[in-house]
Amino acid sequence: MSTRTSSWIVATAARRGVAVGWCGFDRGGVRAAACTGVCLRSKSTRARSPRTNGETHLVGALNGIARRKRIAGGGEAPSRAKPQQPRKGLGPETVTKPIAVGSPAEATTVLAMEPEIQHSSDVNEFVSPSELFFAGDTPIPVTSRLHIVTPKEDTPRGTWPIFRIMDEDGSFRDGGNDGYMHDGDADNLVLGTSSPANKANGSNVMEPSASKNHAPGLSKLRDSLSKLYPNHSLAIEQNGLFQPSKFEYADTNSRDTLQRLLRHMVRLREMDSIFQNAQRQGRISFYLTCRGEEGIHFGTASALEPQDIILGQYREQGPLMWRGFTVQQFADQCFGNASDLGKGRQMPIHYGSRALNYQTISSCLGTQIPQAVGVALRLKMMAAADSEAKKAVSLAFFGDGCTSTTDFHSGLNFAATLECPVIFFCRNNGYAISTSTREQFAGDGIVSRAPGYGMAGIRVDGNDVFAVHAAVREARTYALENNAPVLIEAMSYRQGHHSTSDDSLQYRSAEEVDHFACQSDPFDRLRKFFERHEHCGVTDDAIQSVIEEEKRAVLDALRTAERKPKPPLEDLFNDVYHEMPPSLKAQQAKLNEHVSKYPDAYAF
């Protein structure tokens, strides 16, 4: 929205007496928000929650460290659960104040909160949040109970809850401060799981009973966590990230899955940073980072099996990396050199690997969704024809912007009616390039659409890698047992620009980005988990050493890829037809003639 348009709307709203903290449009009308102290009440009906009696109380830091405070003019924030005792000795106590969200021209927009540090007289306190705020103004109640809502059940009351295991301080929730209680939760204190019979699954992880001799550090950690968080003991045993691999990981020379997770988060972050800088230097033509969404990537990939087929959008480097795609292969693709599996015929970041069951990326938005249904239907037919074959699912990644395409509707409808074992994984990171979620849809996010298609669904905290792993594991089990699709909505935040062709500060403020980076970063949360539970002596110095190692490896891969030759010219015409038709032969002849005429202009 232009500055001129913004000014006109504010002026119009002022004449109507509602321009106090103007917030933009709401369903065709002018929105306004009045801010007093630490209380925000929005006149927008979209900001109202059935859990807060029609008012939005900003009771905690955006997407995280919440404090149940007495709110000016609003009393104490309501809670359906018994208050949890503060966890001591971690972060400073916080109160909140509004921050600007949007472009500098719309600096009055109020959607989020920025923590204001206050030091307690005795000890620092942390209280598990009962509600979370993402890039929007609707509070989402938190649940520690893993529960996929099936078509046979009633939909959740009010706003769909968000499943979370680990809080921002690296500790596991005990459920005492949950903002949403599922039916029967009062009698069921087993958290982080809904199916006690499910076994830990993921790429080649071992059974807990057989793992003690192969990764004693993980075995010790599981025992410690089970004692520290008894309500999560079953979930800890089921979570593949706490189990060692059956085989030694080639890229870490270890069977420790959790340490590999930490290293891969570092590797992906360093690769994104260096490759983006390479684009700015003109060394590659395009790049797209996924900073802030790494928990989604590795939580999902670690919960799948090697035979499961992944169809990404274009922000899913992590799952491919977890399956064994090397940094050198990533660099070769971005440079389009002779070692590129795509033979230099795709834009950078359009990865693909048949060996790793990762379909090649397509730039067209949403095309992978109906394709994933076709893949799942084929997998279902193969499983029916061969009872000895390993069962598999397909998983399609997409962003919140994809849900506004016709492919999204067609894909979900086909999946439900054809009864296909497919997982639809939506990364709701707040923005479809420059279009915020509140401008894109008026309903309760994405997962609330699942009942309309007759499919199961769950909402999960995308910044909690353990919760994402558990949700995908459960969704995979459900999809295979029922030959049915599952819709997962992972709430997260895109910390970087949409791509190197985008300047996100034109539609959101630097304060908003900084806030999310400080308060809800998935790598920082995992780092605090390691520090809090002292797994394998992982310290700040050890993590910094890993960062330096991965940075050097990425730089080496970049230089190597840059020096490699380009693919031969004839590869432009290969792999299209089994036998090249005359028209294509004529084009190839003309191209060869042109290159021969101007040899100095072309270097192959």
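Conventions used here
- Residues numbered from 1 in each chain as written.
- Predicted model: local features only at pLDDT ≥ 70, side-chain atom pairs only at ≥ 80, totals over all residues.
- Heavy atoms only, no water.
- Phe/Tyr/Trp six-rings, centres within 6.5 Å; stacked < 30°, edge-to-face > 60°.
- Helix = DSSP H or I, 4+ residues; strand = E, 2+ residues; numbered from the N terminus.
- Buried < 20%, exposed > 50% of the residue type's maximum accessible area, 1.4 Å probe, protein only.
- Lys NZ or Arg CZ within 6 Å of the ring centre and 35° of its normal.
- Expected span 1.5 Å × (residues − 1).
- Arc of directions from axis to C-beta.
- Axes fitted to C-alpha atoms, helices over the stretch in contact; angles between N-to-C directions.
- Parallel < 35°, antiparallel > 145°, perpendicular 65-115°, else oblique.
- Left-handed = near helix turned anticlockwise from the far one by under 90°.
- Contact = heavy atoms within 4.5 Å.
- Salt bridge = Lys/Arg side-chain N within 4 Å of Asp/Glu carboxyl O.
- Core = buried A, V, L, I, M, F, W, Y, C linked by side-chain atoms within 4.5 Å.

Per an unreviewed UniProt entry, the protein chain goes by 2-oxoisovalerate dehydrogenase subunit alpha and derives from Pseudo-nitzschia multistriata.

Caption draft 1: Quick look at the packing of aromatic side chains. Within the structure shown, the criterion is met by 20 aromatic pairs. For the pair F397 and F425, a centre-to-centre distance of 5.3 Å together with 55 degrees between the ring planes defines the contact as tilted. Pair noted here: F397 is in strand β15 (residues 394-399) and F425 is in strand β16 (residues 422-428), with a separation of 28 residues, a long-range link. Like F425, F397 is buried. Taken together, the aromatic side chains of F172, Y229, F242, F466, F529 and F530 make up a single cluster linked through ring pairs. Across from the ring centre of F441, 5.3 Å away, lies the NZ or CZ of R449, which sits over that ring. Sitting over the face of the ring of Y431, R508 holds its NZ or CZ atom 5.5 Å from the ring centroid.

Caption draft 2: Helix α16 (residues 582-597), seen in detail. Over its 16 residues, α16 extends 23 Å from the first C-alpha to the last, a length consistent with the 22 Å expected when each residue adds 1.5 Å. Of the residues making up α16, those classed as buried are L584, Q588 and V595. End-on view of α16: buried residues confined to an arc of 40 degrees, all on one side of the axis. Exposed side chains of α16 directed beyond 90 degrees from the buried face belong to P582, K590, E593, S596 and K597.

Caption draft 3: Layout of the packing of helix α4 (residues 257-280) against helix α15 (residues 540-563). At a minimum axis distance of 9 Å, the contact between α4 and α15 shows a crossing angle of 45 degrees. Classed by the angle they form, the pair α4 and α15 counts as oblique. Considering how the two elements wind past one another, α4 and α15 form a crossing that is right-handed. Here L262, R263, V266, R267, E270, M271, I274, F275 and A278 of α4 lie close against α15, whose contacting residues are I543, V546, I547, E549, E550, K551, V554, L555 and L558.

Caption draft 4: Representation of the pattern of salt bridges. Under the defined criterion, the tally for this structure stands at 30 salt bridges. In this structure, R267 engages E550 in a salt bridge whose closest nitrogen and oxygen atoms are separated by 2.8 Å. Of this pair, R267 sits in helix α4 while E550 sits in helix α15; the two residues are 283 residues apart in sequence, bridging distant segments of the chain. Grouping residues by exposure puts R267 and E550 together as buried. Three or more residues joined by partner-sharing salt bridges are found here, namely R164, D167, E168, R173, D178, D461 and R525.

Caption draft 5: A look at the nonpolar core. L258, F275, F466 and F529 are the most contacted members of the largest nonpolar core, which totals 85 residues. Counting residues per element, this core draws most heavily on helix α12 (residues 465-482), which supplies eleven residues. Once residues lying within four places of it in the same chain are set aside, the contact partners of L258 are L218, L221, L241, F242, F466, F529, F530 and H535. If you look at the next biggest cluster of nonpolar residues, it comprises 26 residues, including A376, L379, C402 and L487.

Caption draft 6: Here's a closer look at the side chain of S394. As for its placement among the helices and strands, S394 is situated in strand β15. The exposure class assigned to S394 is buried, which follows from its relative accessible area of 0%. In contact with S394, other than residues within four places in its own chain, are I309, L311, A372, V375, A376, L379, P421, V422 and I423.

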